[in-house]
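Read off the chains here:
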Amino acid sequence: MTMQETTLGDVATNIQTGPFGSQLHSSDYSDVGTPVIMPQDIVDWKISEQKIARVSEEHVHRLRRHKTNEGDIIYPRRGDLAKCAYITNNETNWLCGTGCLKVTIDEAKANSKYVYYHLQQPYSTGCIEFATVGSTMPNLNTSILSKVKLRLPSVEIQNKVVDILSQYDELIEINRRRIAILEEMAMRTYREWFVFFRFPGHETTEFVEGLPKGWEIGTLDDLAFESGKSASKKNRINYNYYLPIDCLPRKSLTYTQVDSIENAESSLVSFKKGDILFGSMRPYFHKVVFARDKGLTRSTCFVLNSKEDFMWGYLLMLLFDDRTIDYATQVCTGSTMPYVLWDTLKRMNAIIPSREIASLFMQFLSPIIEELSKLTLQNSQLQQMRDRLLPQLMSGQLEVTP
């Protein structure tokens, strides 16, 4: 397959920075309106809406030259400079925010999604890393991006490669949406039952001092214990994978990204299927997942489980609750890299529901957890297949005919 050596600047119609700080202030942001993409919103090569800022239509009109179109590629100017995100139909007409750059591809020269896939390869990411190495505060700019090297086949071949890889991405995205719906269902039900006390039979339940009869106020220590064990690097062969805090997603009960067990080096803690991992380093990142298999993590995660089996579902959602995350954040130690201690977190006040209601919730949650495990395993396998295929297609090792 014939490849053309070129650069990102050669195939782009425009590479521009987002609005400067003087054009968009923090006071301009609101909870409603058009999303503004910031560096922290670029997660796993996609745009995350979890904590995205928004602005009113007045600001959108004023900054309309920074609006996104489907096919644009967004880069952060600071932080993890090698990551980028592809603008889909969902993110069209959003704003490229302060701290980001927007790349628009000339579709006559290259398929924008093919370029996006190419930019994930070492051949391209290395250009950025080399250009910024040695800087005290590495910054990406239009000049560096313009010089990023690309090796492109004909547009016809690019289109075929995109068709192949997009099939994997579409299956992964469908599963992600199903996962999000299931997680939302679990959290909504948890809040209905244990925050608003609208659990099955609440209409006829007697309340004593604001709590259903038979329920108590205790602490997290009454519900959970540290189930993880210190592990040695020598014994890592006995575990399936390494799951450091960096691999945990933000605000999702499930995970697809794992690291090789060979990279598990120090401060290791083992976990087993059903354990709950709680990110104790910078807990405001909201990293709480249940383990679907045995593995190793580091001491920057608590490995927890319930003292009573029937309380497991309730404990999982309690730990995942925003209010638990807020509490953990408030009692952190350290300023540069804040962390929470288990001896501190376990003193958090917690409602202890009756055995009957906790068991009913466990019955409700169990099939959801089973489906989440199945979907995330599928996505992990699809991602691995796609990641193996991608460099072969990009390099021409796996030949494609138009």
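Because the structure is a prediction, the values reported are computed rather than measured.

So, the overall build of the chain: which residues are in play, and what are the values?
Looking only at helices and strands, the chain has 10 helices and 22 strands in total. In terms of overall dimensions, the chain has a C-alpha envelope of 70 × 55 × 40 Å along the principal axes. Here the contacts in the chain between residues at least 6 apart in sequence split such that 78% fall between residues at least 24 apart. Accessible surface for the chain amounts to roughly 20000 Å². Of this, 49% is attributable to carbon and sulfur atoms.

I'd like a rundown of the sheet that holds strand β3 (residues 34-37), residues and numbers included.
To summarise the sheet geometry, strands pair through backbone hydrogen bonds and adopt either a parallel or an antiparallel arrangement. With respect to topology, three strands assemble into an open sheet ordered β6-β3-β9, the strand pairing being mixed. At either margin of the open sheet sits one strand with a lone partner, and together these are β6 (53-55) and β9 (95-96). With three bridges joining them, β3 and β6 adopt antiparallel strand pairing. Opposite threonine 34, over in β6, you have valine 55 as the bridge partner.

Residues and numbers for the sheet that holds strand β20 (residues 295-298), please.
Read across the open sheet, the three strands follow the order β16-β17-β20; overall the sheet is antiparallel. Both edges of this open sheet fall to β16 (229-231) and β20, since each of them pairs with a single strand only. Across the sheet, the axes of successive neighbouring strands diverge by a mean angle of 50°, strand direction being ignored.

Would you mind going over the packing of aromatic side chains in detail, with residue names and values included?
For the coordinates displayed, the defined rule picks out 20 aromatic pairs. With centroids separated by 5.6 Å and ring planes inclined at 85°, the aromatic side chains of phenylalanine 197 and tryptophan 215 adopt a geometry described as edge-to-face. Linking phenylalanine 197 in the loop between α6 (155-194) and β12 (207-208) with tryptophan 215 in the loop between β13 (211-212) and β14 (216-219), this pair joins segments that are 18 residues apart in sequence. With a centroid separation of 5.0 Å and 75° between ring planes, the pair formed by tyrosine 284 and phenylalanine 285 is classed as edge-to-face. Here a set of aromatic residues connected by ring pairs shows up, and it is made of Tyr190, Trp193, Phe194, Phe197, Phe199, Phe207, Trp215, Tyr314, Phe361 and Phe364. Here arginine 250 stacks its cationic end above the ring of phenylalanine 285, 3.9 Å away from the centre of that ring.

Can you lay out α6 for me, pointing to particular residues and giving the numbers?
With 40 residues, α6 should cover 58 Å at 1.5 Å per step; its first-to-last C-alpha distance of 56 Å lies within 8% of that length. A maximum bend of about 25° is found in α6 at serine 166.

Requested: an account of the environment of threonine 401, with residues and values cited.
Relative to the helices and strands, threonine 401 resides in the segment after α10 (355-395). Non-local contacts of threonine 401, meaning those with residues more than four positions away in its chain, are made with Ile157 and Lys160.

Go over the layout of surface pockets with me, naming the residues and quoting the values.
Where empty space is left becomes clear once a probe the size of a water molecule has been rolled over the atoms. Empty space within the second largest pocket amounts to approximately 220 Å³. Elements supplying a minimum of two residues to the lining of the second largest pocket: α6, α7 (312-320), α8 (322-330) and β22 (349-352). Per-element accounting of the lining of the second largest pocket gives the leading share, three residues, to β22.

An account of the nonpolar core is requested, with residue identities and associated values reported.
Counting residues in each nonpolar core, the largest one holds 48 residues, and the members touching the most others are Phe278, Leu316 and Met317. Beyond its immediate chain neighbours, meaning those up to four positions away, methionine 317 contacts Ala186, Met187, Tyr190, Leu253, Phe361 and Leu365. Counting residues in each nonpolar core, the second largest holds 37 residues, with Val115, Val148, Leu165 and Tyr168 among its members.

Account for the side chain of aspartate 41, with residues named and values stated.
Its location among the elements puts aspartate 41 in the loop between β3 and β4 (42-43). At 7.3 Å, arginine 250 is the nearest oppositely charged side chain to aspartate 41, a buried residue that forms no salt bridge. A distance of 2.8 Å separates a polar side-chain atom of aspartate 41 from the backbone nitrogen of methionine 38. Contact partners of aspartate 41, with chain neighbours within four places excluded, come to Val36, Lys46, Ile47, Ser48, Lys51 and Ile52.

Can you lay out unusual backbone geometry for me, pointing to particular residues and giving the numbers?
If a residue is not glycine, its phi is most likely negative; likewise, a peptide bond is most likely trans. Of note in this structure, lysine 251 is not a glycine but carries a positive phi near 55°. As for its position among the elements, lysine 251 is in the loop between β16 and β17 (268-271). Positive phi values are uncommon outside glycine, yet serine 267 reaches one of about 50°. Secondary-structure assignment places serine 267 in the loop between β16 and β17. On the basis of relative accessibility, which here comes to 42%, the residue serine 267 falls in the partly exposed class.

Tell me about the side chain of serine 124, and please be specific about residues and values.
Relative to the helices and strands, serine 124 resides in helix α4 (residues 122-132). On the basis of relative accessibility, which here comes to 1%, the residue serine 124 falls in the buried class. In terms of polar contacts, serine 124 uses its side chain to reach the side chain of histidine 118, at 2.9 Å.

Describe the environment of arginine 323, and please don't skip the residues or the numbers.
As for its position among the elements, arginine 323 is in helix α8. A residue is classified by how much of its surface remains accessible, and arginine 323, at 49% relative accessible area, is partly exposed.

Basis of the calculations
- Residues numbered from 1 in each chain as written.
- Predicted model: local features only at pLDDT ≥ 70, side-chain atom pairs only at ≥ 80, totals over all residues.
- Heavy atoms only, no water.
- Helix = DSSP H or I, 4+ residues; strand = E, 2+ residues; numbered from the N terminus.
- Contact = heavy atoms within 4.5 Å.
- Areas by Shrake-Rupley, 256 points an atom, 1.4 Å probe, with all protein chains shown as cover.
- Pairing = 2+ DSSP bridges.
- Axes fitted to C-alpha atoms, helices over the stretch in contact; angles between N-to-C directions.
- Phe/Tyr/Trp six-rings, centres within 6.5 Å; stacked < 30°, edge-to-face > 60°.
- Lys NZ or Arg CZ within 6 Å of the ring centre and 35° of its normal.
- Expected span 1.5 Å × (residues − 1).
- Bend = angle between axes of the 7 residues up to and from the residue.
- 1 Å grid on protein atoms, 1.4 Å probe; cavity = no way out; pocket = protein on both sides within 12 Å on 5 of 7 lines; lining within 4 Å.
- Points joined across faces, edges and corners; volume = space filled by probe spheres on them.
- Core = buried A, V, L, I, M, F, W, Y, C linked by side-chain atoms within 4.5 Å.
- Buried < 20%, exposed > 50% of the residue type's maximum accessible area, 1.4 Å probe, protein only.
- Lys, Arg positive; Asp, Glu negative; His and termini not counted.
- Salt bridge = Lys/Arg side-chain N within 4 Å of Asp/Glu carboxyl O.
- Polar contact = N/O pair within 3.5 Å; in protein donor to acceptor, adjacent residues only side chain to side chain.

The quantities given are spatial measurements derived from coordinates; they are silent on function.
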